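Fold and contact review
One letter stands for each residue in the lines below.
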Amino acid sequence: MSVSKKVSLLLTVAVAIVSAMDADWMWFGVALVGFAVMLYPRKNEDFGYSPILIWTVSAILAIQLILGILIYAEIQPKTFRLVSLAVQTCICAVYGYMLALLIDRFTSIKLSERWMLMFSLLFALSVSGVYLFFQFASLYAAGYPVFNYELQGVVSNEERIWMNLQLMYPPTIATFVSIPAVLVLRHLTKRKGISSTEVIVSE
């Protein structure tokens, strides 16, 4: 196993631990997905992710590890949580691209570069959609009146706005962050005269 992959896996474990400590189960789940994506091609010696892709994952996870520690220490948690959502979209875009590579390589489905990038974009947006329902369930479990019939004359406008923001932050941030994230990913994986698929799957 290369040094870059070991670093990436260690950072993934660290992010998962910090997320669990802060009860941020969505980030915990994303970390588990990333861990599985990184380890899946381990027994296939003829397949390996590009070092560029691995180091990109490591850089994003390092940023989230710092953010997670600051949030856990309650240092401007509101601001850093919003930044953390943007970082989560970025890492999901990369994981989505890696999943597309696995699908292209280990299944009968063959994806072009454009479809891999589209899959990456849709994966990041899908995770944000899951986050919305996760937030809804969390608010409901915490006893907040989340249904329309419960909100009528029960909570103030400020509380209603706060709850709506909690629900809409993940998909809204993902919508604006995912496109530039995928464009940067495309730039990182692009090589003159060689398809990015060939670059990614060969060490």
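Reference entry: report on the structure contained in this document. Given the structure is predicted, the values throughout are model-derived calculations rather than measurements.

As for the overall build of the chain
Scanning the chain for helices and strands turns up eight helices and zero strands. Listed by position from the N terminus, the elements making up the chain come as α-α-α-α-α-α-α-α. The buried share of the chain, taken over its 203 residues, is 43%. As displayed, the chain offers around 11400 Å² of accessible surface, 67% of which is attributable to carbon and sulfur atoms.

Some points on the packing of helix 4 (residues 77-106) against helix 7 (residues 157-189)
Packing of helix 4 against helix 7 brings their axes to within 8 Å, and their N-to-C directions diverge by 45 degrees. By the angle class used here, helix 4 and helix 7 are oblique. Like other packed secondary-structure pairs, helix 4 and helix 7 cross with a definite hand, here right-handed. Mapping the contact onto sequence places Lys78, Leu82, Leu85, Ala86, Thr89, Cys90, Ala93, Val94 and Tyr97 in helix 4 and Tyr169, Pro170, Ile173, Ala174, Val177, Ser178, Ala181, Val182, Leu185 and Thr189 in helix 7. Here the residues of the contact of helix 4 with helix 7 are counted per class, giving 15 nonpolar, three polar and one charged.

Remarks on the pattern of salt bridges
Pairing of side chains with opposite charge becomes possible as their charged atoms draw close. Under the definition given, this model contains two salt bridges. Arginine 81 serves as the salt-bridge partner of aspartate 22, at 3.1 Å between the closest nitrogen and oxygen. Residue aspartate 22 is located in the loop between helix 1 (3-21) and helix 2 (25-39), and its partner arginine 81 is located in helix 4; the two are separated by 59 residues in the primary sequence. The closest approach of N and O atoms between arginine 186 and glutamate 113, which form a salt bridge, is 3.4 Å. With a gap of 73 residues between them, arginine 186 in helix 7 and glutamate 113 in helix 5 (residues 113-141) connect regions that are remote in the sequence.

Quick look at the packing of aromatic side chains
Summed over the entire model, instances satisfying the criterion amount to three aromatic pairs. Taken together, a centroid distance of 5.7 Å and an interplanar angle of 75 degrees make the contact between tyrosine 40 and phenylalanine 106 edge-to-face. In this pair, tyrosine 40 sits in the loop between helix 2 and helix 3 (51-72) while phenylalanine 106 sits in helix 4, placing the two residues 66 residues apart along the sequence. Taking 6.4 Å as the distance between ring centres and 75 degrees as the angle between the ring planes, the aromatic pair formed by tyrosine 131 and phenylalanine 134 counts as edge-to-face. Placement of the pair is tyrosine 131 and phenylalanine 134 together in helix 5, with a separation of three residues, close to one helical turn.

Here we look at unusual backbone geometry
A positive phi angle is found at alanine 23, which is not glycine, with a value near 60 degrees. Along the polypeptide, alanine 23 turns up in the loop between helix 1 and helix 2. Its identity as a non-glycine residue notwithstanding, glutamine 76 has a phi of 45 degrees, on the positive side. The residue glutamine 76 is located in the loop between helix 3 and helix 4 in this model. Using a relative accessible area of 51% as the deciding quantity, one classes glutamine 76 as exposed.

Cut-offs applied
- Residues numbered from 1 in each chain as written.
- Predicted model: local features only at pLDDT ≥ 70, side-chain atom pairs only at ≥ 80, totals over all residues.
- Heavy atoms only, no water.
- Helix = DSSP H or I, 4+ residues; strand = E, 2+ residues; numbered from the N terminus.
- Buried < 20%, exposed > 50% of the residue type's maximum accessible area, 1.4 Å probe, protein only.
- Areas by Shrake-Rupley, 256 points an atom, 1.4 Å probe, with all protein chains shown as cover.
- Axes fitted to C-alpha atoms, helices over the stretch in contact; angles between N-to-C directions.
- Parallel < 35°, antiparallel > 145°, perpendicular 65-115°, else oblique.
- Left-handed = near helix turned anticlockwise from the far one by under 90°.
- Contact = heavy atoms within 4.5 Å.
- Nonpolar A, V, L, I, M, F, W, Y, C, P; charged D, E, K, R; others polar.
- Salt bridge = Lys/Arg side-chain N within 4 Å of Asp/Glu carboxyl O.
- Phe/Tyr/Trp six-rings, centres within 6.5 Å; stacked < 30°, edge-to-face > 60°.

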